[in-house]
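# Fold and contact review
Residues per chain are reported as follows:
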Amino acid sequence: MGKRKQILLGSLGTALLGAVLVGCGAGPTGSGAEEPASRTGSAQQIVLAIAGESEEGYDPTLGWGRYGSPLFQSTLLKRDADLNIINDLATDYRVSEDGLTWTVTIRDDAIFSDGEPVTASDVAYTFNQAAASGGLTDVTILEEAVVIDDTTVELRLNEPQSTFVNRLITLGIVPEHAHGPEYARNPIGSGPYQMVQWDEGQQLIVEANPNYYGESAGIDRLVFLFVEEDAAFAAAKAGEAQVVSVPQALAVQTIEGMTLYDVTSVDNRGLMFPFLPASAGETTPDGDPIGHDVTADPAIRQAVNYAIDRQALVDGVLEGYGSVAFGPVSGLAWEEPSAAIEDAQPEQAQEILAAGGWTDSNGDGVLEKDGLTAEFTILYPASDSTRQALALATAAMLKPVGIQANVEGKSWDEIEPAMHSNVVVFGWGSHDQTEMYNLYHSQAAQGDFYNAGYYANQAIDNTLDLAMGASSEAEAIAFWKAAQWDGDTGFTAKGDAAWAWLVNLDHTYFVSDCLDIGQLQVEPHGHGWPITANIAGWEWTCS
């Protein structure tokens, strides 16, 4: 961007911030006087511009907290900086030998922000409500949550599920006595912070929860700004925000008094292939077409995987702030390292295509086979410049091997009916292995975003079922790895190549030099506020 535009953005960001922060008064226990935010932050208040506003509100039973700390609510368990599972509200849990009953005991000193105690009844209510709501937090495996005593609850499942432990990690506990239709916009919880004010589309103000059972939060008040990336960057440069998330294109710049945090993530981007042939004539429950005759050929899918230079995508599109991806769980404990391939090999891609019967019979540079042309369209959301750049760069890498990839940006409303019959640049990434199941199990193909390409392999289904039905996360890992590649088959590039995974985005943040945010996790997909997983431990270090 030019200097003039930078100046205009800076003025806009500062003006917008000033307008938004008017009305940031004292919290529930204060005088109510309106006070402007400090330009430099303090232990009393910091400003964060990290996107992540939840349009649906902050109700965990409807999905809030799936991709980061629920902030207002406690969870039974949590993951530490190394992603190990540790206790939070729970003091212990055990799983029955048949895997059907999870018995959880909770601490007896937890209090909701309205002063009421947290009991096993609240835990049971939360899980039963989440199961009944059909929200984004998938608790459909739960048969019933039953109170045993004030601090003990049994979570009874319909069938064993190793990934159920992730519900204990992400599902924030809500108060039975105060949960209702208005809860999402006025949450009450036992987490480290409580809501003070939410001006939708503008800002969210929260204060430390005085009833929190854990160590007192190091920052008294947090102001979350909901502004575009350029305006957030301008606010940081103006000294009006202490934590900002920025795209990779802005991460190469510097801000005086702030340090760039380059955080590893499993927030991936990849090309999803329609797996079935269009000639089969199948449609989704909504009548949308399924399949593509070209991408149904495994030689095409594998050749794409080998032709792409993923490191070039990291360096060129992500400005170096990312890593190559060969599957959906890169860098996590359940990744199968042997599934990785040596990519950037156009010659090998051409050999795969030739062996698969693809030839350039008319000399136009695009291969043909049985009356088909090696051509497909890559769709991406038009509002996402990173996905656009990945799609265009990938198309350029495929052209020399004889594959014509046409790139089109569309709205999600336009993409949804077309995503089962076109290649799509999707983004996923979770600490929850259930996502792998949903992306690749044939039963997950129901006409929505999960398994949008209608991938189906009975052997992979069987392995994924074994992973889900294992008695623990540790026992399941061997099966999750085998589904990726077991030496003979798998859903990754060496096997069915159901996707061409491209990159993992690093999450890039500018953080005030006066703010110690501790050790950060490998972050999941960027919805929510993944950087806040350890927010209760943040400390202001300047006087």
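Every value quoted in this text rests on a predicted model; they were computed, and no experiment measured them. (Residues numbered from 1 in each chain as written. Predicted model: local features only at pLDDT ≥ 70, side-chain atom pairs only at ≥ 80, totals over all residues. Heavy atoms only, no water.)

### Observations concerning the overall build of the protein
In plain terms, the rule: Elements are defined by DSSP. Helices are runs of H or I of four residues or more, strands are runs of E of two residues or more, and each kind is numbered from the N terminus. Only C-alpha atoms enter the radius of gyration; for comparison, a globular chain is expected to reach 2.2 Å times N to the power 0.38, where N is the number of residues. Note on classification: 1.4 Å probe, protein chains only; a residue is buried when its accessible area is under 20% of the maximum for its type, exposed when over 50%, partly exposed between these limits. The contact rule is simple, with two residues in contact once any of their heavy atoms fall within 4.5 Å. Throughout, the Shrake-Rupley method with a 1.4 Å probe supplies accessible areas, and for residues the shown protein chains are the sole cover considered. None of His or the chain ends enter the tally, which takes Lys and Arg as positive and Asp and Glu as negative. Charge positions come from single atoms, namely NZ of Lys, CZ of Arg, CG of Asp or CD of Glu.
Check the secondary structure of the protein and you find 13 helices and 21 strands. Taking 2.2 N^0.38 as the reference for a compact globule, 543 residues should give roughly 24 Å; the C-alpha atoms of the protein span a radius of gyration of 25 Å, in line with that estimate. If you line up the protein on its principal axes, its C-alpha atoms span 80 × 65 × 40 Å. Residue burial in the protein is summarised as follows: out of 543 residues, 56% are buried. Pairs at least 24 apart in sequence give 70% of the contacts found in the protein among residues at least 6 apart. Total accessible area on the protein stands at roughly 21700 Å², and carbon and sulfur atoms take up 47% of it. Taken together, the 23 basic and 77 acidic charged side chains of the protein have centroids lying 6 Å from each other.

### Side note on the nonpolar core
Operational definition: We define a nonpolar core as any set of buried Ala, Val, Leu, Ile, Met, Phe, Trp, Tyr and Cys residues linked to one another through side-chain atoms lying within 4.5 Å.
Membership of the largest hydrophobic core comes to 40 residues, with the highest contact counts inside it found for Leu-271, Ile-300, Val-304, Ile-308, Phe-376 and Ile-403. Listed by contribution, the elements that provide at least two residues to this core are helix H6 (298-307), helix H7 (310-316), helix H8 (346-355), strand S16 (375-381), helix H9 (385-398), strand S18 (423-428) and strand S19 (499-512). A per-element tally of this core places H6 first, with six residues. Ranked by size, the runner-up nonpolar core spans 34 residues in total, among them Val-329, Tyr-440, Leu-464 and Ala-498.

### What to know about the side chain of Gln-161
Mapped onto the fold, Gln-161 is located in the loop between strand S7 (152-157) and helix H3 (165-170). Exposure remark for Gln-161: the relative accessible area of 12% places this residue in the buried category. Those residues in contact with Gln-161, other than ones at most four positions away along the chain, are Trp-102, Ile-141, Arg-167, Met-468 and Ala-470.

### Quick notes on the packing of H6 against H8
Defined as follows: Fitting a line to C-alpha atoms yields each axis, with helices limited to the stretch in contact; the angle taken between N-to-C directions then spans 0 to 180 degrees. For classification, angles of less than 35 degrees are called roughly parallel, those exceeding 145 degrees roughly antiparallel, those between 65 and 115 degrees roughly perpendicular, and all remaining angles oblique. In the scheme used here, Gly and all other residues not listed as nonpolar or charged are polar, with Ala, Val, Leu, Ile, Met, Phe, Trp, Tyr, Cys and Pro taken as nonpolar and Asp, Glu, Lys and Arg as charged.
Close contact between H6 and H8 brings their axes to 8 Å; oriented N to C, the two are set at 175°. As the angle between them shows, H6 and H8 are arranged roughly antiparallel. Residue-level contacts link Ala-299, Ile-300, Gln-302, Ala-303, Tyr-306 and Ala-307 of H6 to Pro-346, Gln-348, Ala-349, Ile-352 and Leu-353 of H8. Considered class by class, the residues forming the contact of H6 with H8 number nine nonpolar, two polar and no charged.

### A closer look at the state of the cysteines
Note the cut-off: Disulfides are defined in this document as cysteine sulfur pairs within 2.5 Å.
Within the structure shown, the criterion is met by one disulfide. Cys-514 shares a disulfide with Cys-542; S-S distance 1.9 Å. Between Cys-514 and Cys-542, the S-S dihedral sits near -85°, and the bridge is therefore left-handed. Of the two residues, Cys-514 is situated in the loop between S19 and strand S20 (515-516) and Cys-542 in the segment after strand S21 (539-540); the sequence distance between them amounts to 28 residues. The partly exposed category is assigned to Cys-542, whose relative accessible area is 33%.

### Overview of the domain arrangement of the protein
Our working rule: Segmentation of the chain into domains, including their bounds, is taken from an automatic or database domain assignment. Take the accessible area each of two parts loses on contact, using a 1.4 Å probe, and add the two losses: that sum is the buried area. The salt bridge definition used is simple: a Lys or Arg side-chain nitrogen within 4 Å of an Asp or Glu carboxyl oxygen. N or O atoms closer than or at 3.5 Å make up a polar contact, with two conditions inside protein: a donor-capable atom paired with an acceptor-capable one, and, for residues adjacent in sequence, both atoms drawn from side chains.
In terms of domain boundaries, the protein breaks down into domain 1 (63-180), domain 2 (193-264 + 507-540) and domain 3 (266-504). Centre-to-centre separation of domain 2 and domain 3, based on C-alpha positions: 33 Å. Across the contact, 14 residues belong to domain 2 and 13 residues belong to domain 3. Carbon and sulfur atoms supply 57% of the area buried between domain 2 and domain 3, which totals about 1000 Å² over both sides. It is Gln-248, Val-522 and His-525 that lose the most area in domain 2 upon contact with domain 3, and together they represent 50% of the buried surface on that side. Counting the contacts that link domain 2 with domain 3 gives zero salt bridges. Linking domain 2 with domain 3 are seven residue pairs in polar contact (both at pLDDT 80 or more). Looking at the side of domain 2 that touches domain 3, the element that brings in the most residues is helix H5 (residues 248-251), giving three residues. Of the residues in the side of domain 2 that touches domain 3, the class split is six nonpolar, six polar and two charged.

### Brief notes about the packing of aromatic side chains
Cut-off, in case you're wondering: Pairing of aromatic side chains requires ring centres within 6.5 Å, counting the rings of Phe and Tyr and the six-membered ring of Trp. Pairs whose planes differ by under 30 degrees are stacked, by over 60 edge-to-face, and all others tilted.
Counted under the stated rule, the structure contains 21 aromatic pairs. Ring plane angle 5° and centroid distance 5.9 Å describe the contact between Tyr-93 and Trp-102, whose orientation is recorded as stacked. An aromatic cluster is built from Trp-412, Phe-426, Trp-428, Phe-449, Tyr-450, Trp-499 and Trp-501, whose rings are joined through pairwise contacts.

### Here's the deal with the pairing of S18
The criterion, for reference: Paired strands, in this sense, are two strands between which DSSP finds at least two bridges.
Here S18 lies mainly inside the structure; six of its six residues are buried. The side-chain alternation of S18 yields two buried faces, one formed by Val-423, Val-425 and Gly-427 and the other by Val-424, Phe-426 and Trp-428. Bridge count for strand S12 (residues 258-272) against S18 is five bridges, and the pairing is antiparallel. Residue pairing for S18: Arg-269 is matched across the bridge by Gly-427. Relative to S18, S16 runs parallel, the two being bridged by two bridges.

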